[in-house]
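# Chains, contacts and geometry: an overview
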Amino acid sequence: MSEDGGVISGQAQAHHDGQHPLRIHTEHQKSQSTVVQEEAYPMSPQRNTTTPNPFSRKNTGLDLDDYFTGPRDIAKHSKWPLFLQMHGSILPKMIVPLLIVACWASLITSVSTLVPNVNLGVSSILLTITGFVVGLGLSFRSSTAYERYAEGRKLWSQLIFTSQALGRVFWLHAVEREGSKKQDLLSKLTAMNLIMAFAVSLKHKIRFEPYTYYEDISELVDHIDTFAKDATTENSMRPKQGMFKAVGENLGLSFAASNPRKLMKKAQSPLGNLPLEILCYLTAYVDELAIGGQLPIGMQQTAAYNGLQALNDVMVNTERVLNTPLPIAYAIAISQITWIYVFLLPFQLLPELGWITIPATVAASYIILGIFFIGHEIENPFGNDVNDLPLDLFCQQIVQDMETIAARPKPRISEFVDNPKNKVLYPHSDSSYSVWAQRPESAIRSALRNRPHAEFNRMTSHGEKGPQNV
């Protein structure tokens, strides 16, 4: 501490004053020393708005429940061969079905082998007839399920792209007016936070989580008036899950699964549409920018309104994917056909294989039911199954993108063009901008004309083939 006793921690200000980066001297105030604590860097307010990592492990290990619940950690690297990997496999949810099939095959084989004058074996011709129908049904279900999965991924890619575009419009194109620059700066940050809130609220909406008490959304929408916020304050409901229910859901048992719309059905007050309400606030902000002349170029206004329309389009299309599954008649028929085929397998394998029928039936069932269960799991790509889309990771990316955009003020051309490290003709020339600026225009254009020849000579000298030799 200095002689006058005052210390202000602030590296940016200390560096500007040419003093120690963590110490700045102040004057006496009323003959008393005053100590003011500030952050070492001008950080954003501590608001815990960053979407938390949805995975309960580090990249060095796995918890047991990670094999049953997801989405899968795509950053996790496994050195096991693909056919031996369990994380992301459908096998954990096939434990109970395979046990049932094994018991059924054991019963048929035991009765047919140990009981006199009883032979339950039938001709294997039935395998050929029914196998074609089962394969056709499974192919249809898998293709439709993956189509929904791929479309869901495209929509979230569009959301990330649109969020980045809107963030650049708000931060770079919106003019900060003289006399109210600080207010305009804070307004920009508020609007960019609403972009984050839109993505996070959309994630919760398509997961049938209508309230705002979740950690990643509560602080982002606490300052705006929404139906979801009012419902959360008045009479929100929280899901309850016992041990039996959790185990049943992890094992894929249908009788243990809850109705995903349970919270919405039991709501006692209007829940509204949180992403749409956030979009209304963003629209009001863009209107203020346009009316106030803060977006002076027409294309900037067009980009802003197109971005809002794109967000609306993403919201509607994700709901379409969510609420338009495979028609229930197809789903029931394919499920019944598949299970009938599996239960008929022991009867057809028994005459040829004997006791080997039991492991053979289990192996064949694993192949058939594996394809069936994969189609069922990815049919809704927005849930919490192991192979569902990592929506938390996508929201985290949008948060990081907004923070990256807002990390620096709008750059001026002089900052990156007239820079001694700017090698404008690299790799043809290592000369900087200032060197080329001192040369006549004809020299620059001559160098540009010679640059393709220099690259061609370099490729030739290294023995590389040009397009004409391919």
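Figured I'd write up the structure that's included with this text. The residue numbering used here restarts from 1 in each chain and proceeds along that chain's sequence as written. Given that the model is predicted, a residue must reach a pLDDT of at least 70 before its local features are reported, and side-chain atom pairs must reach 80 or more before they are shown or counted; all residues, however, enter totals for whole chains, interfaces and linings. Side-chain metrics in this entry use all non-hydrogen atoms of the structure; hydrogen atoms and water are not considered.

## A few points about the environment of G131
Definition in use: Numbering of helices and strands runs from the N terminus; a helix is a DSSP stretch of H or I covering at least four residues, while a strand is a stretch of E covering at least two. The classification of residues rests on relative accessible area computed with a 1.4 Å probe and restricted to protein chains. Under 20% of the type maximum is buried, over 50% is exposed, and intermediate values are partly exposed. Two residues form a contact once any of their heavy atoms are found within 4.5 Å.
Examined against the element boundaries, G131 turns out to sit in helix α3 (residues 125–173). Here G131 falls in the partly exposed class, since its relative accessible area comes to 23%. Placed 206 residues apart in sequence, G131 and I337 show a C-alpha to C-alpha distance of 9.8 Å. Setting aside anything within four residues of it in sequence, one finds G131 in contact with L126 and Y341.

## Description of the nonpolar core
This is how the line gets drawn: Put simply, buried Ala, Val, Leu, Ile, Met, Phe, Trp, Tyr and Cys residues joined by side-chain atoms within 4.5 Å make one nonpolar core.
In this structure, W156, L159, F170, I278 and L282 are the most contacted members of the largest nonpolar core, which totals 56 residues. For this core, the secondary structure elements donating two or more residues are α3, α4 (181–205), α5 (218–221), α6 (227–235), α9 (274–291), α10 (298–323) and α13 (391–405). Broken down by element, this core gets its largest block of residues, ten residues, from α4. Aside from chain neighbours lying at most four places away, what touches W156 is A199, L202, K203, I206, T318, F382, L391, F394 and C395.

## Considerations on a nonpolar patch on the surface
What counts here: Residues enter patches when they are more than 30% accessible in relative terms and free of salt bridges; like-charged ones are connected within 9 Å and nonpolar ones (Val, Leu, Ile, Met, Phe, Trp, Tyr) within 5 Å. Method for areas: the Shrake-Rupley scheme with a 1.4 Å probe, in which residue coverage is limited to the protein chains shown. The salt bridge criterion pairs a side-chain nitrogen of Lys or Arg with a carboxyl oxygen of Asp or Glu, the two atoms within 4 Å.
Together, F132, V133, L136 and I337 line one region of the surface with nonpolar side chains, adding up to about 390 Å² of accessible area. Among the elements that take part in the nonpolar patch, α3 stands out by supplying three residues, more than any other. Here V133 is to be found in helix α3. Residue classification places V133 among the partly exposed positions, given a relative accessible area of 42%.

## Topic: the environment of L350
With respect to the secondary-structure elements, L350 resides in helix α11 (residues 328–353). A residue is classified by how much of its surface remains accessible, and L350, at 7% relative accessible area, is buried. With 241 residues separating them along the chain, L350 and T109 place their C-alpha atoms 6.8 Å apart. Not counting residues up to four positions away in its chain, the partners in contact with L350 are I108, T109, S112, L120, G121 and T357.

## Focus on the environment of A165
In this fold, A165 is placed in helix α3. When its relative accessible area of 22% is taken as the criterion, A165 is described as partly exposed.

## A few points about α10
Selection criterion: A helix is expected to span 1.5 Å for every residue after the first.
Its 26 residues place the ends of α10 38 Å apart at the C-alpha level, agreeing with the 38 Å of an ideal helix rising 1.5 Å per residue. Among the residues of α10, those classed as buried are Q300, A304, G307, L308, A310, L311, V314, M315, N317, T318, V321 and L322. For α10, the secondary structure elements touched by its buried residues are α3, α4 and α9.

## Examining the side chain of S163
Definition in use: In protein, a polar contact means a hydrogen-donor-capable atom and an acceptor-capable atom, both N or O and within 3.5 Å, with residues adjacent in sequence counting only if both atoms are side-chain atoms; elsewhere, any N or O pair within 3.5 Å suffices.
Examined against the element boundaries, S163 turns out to sit in helix α3. Classification of S163 by relative accessible area gives buried; the value is 1%. Within the structure, the side chain of S163 is placed 2.8 Å from the backbone oxygen of L159, a separation counted as a polar contact. Each residue touching S163, except ones within four places of it in the same chain, is listed here: I195, L311, I398 and M402.

## A word on the packing of α3 against helix α12 (residues 357–378)
For clarity, the cut-off: To get an axis, a line is fitted to the C-alpha atoms, and for a helix only the part in contact is used. The angle between two axes follows their N-to-C directions and goes from 0 to 180 degrees. Any angle from 65 to 115 degrees is called roughly perpendicular, while one under 35 is roughly parallel, one over 145 is roughly antiparallel, and all others are oblique. Each helix crossing is assigned a hand: it is left-handed if the near helix lies turned anticlockwise from the far helix by less than a right angle, otherwise right-handed if that turn is clockwise. The residue classification treats Ala, Val, Leu, Ile, Met, Phe, Trp, Tyr, Cys and Pro as nonpolar and Asp, Glu, Lys and Arg as charged. All others, Gly included, are polar.
One can describe the packing of α3 onto α12 by two numbers: an axis separation of 8 Å at closest approach and a directional angle of 30°. By the angle class used here, α3 and α12 are roughly parallel. Between α3 and α12 the crossing geometry is left-handed. Residues V134, L138, R141, S142, A145, Y146 and Y149 of α3 lie in contact with α12, whose contacting residues are I368, I371, F372, G375, H376 and I378. For the contact of α3 with α12, the residue count by class is nine nonpolar, three polar and one charged.

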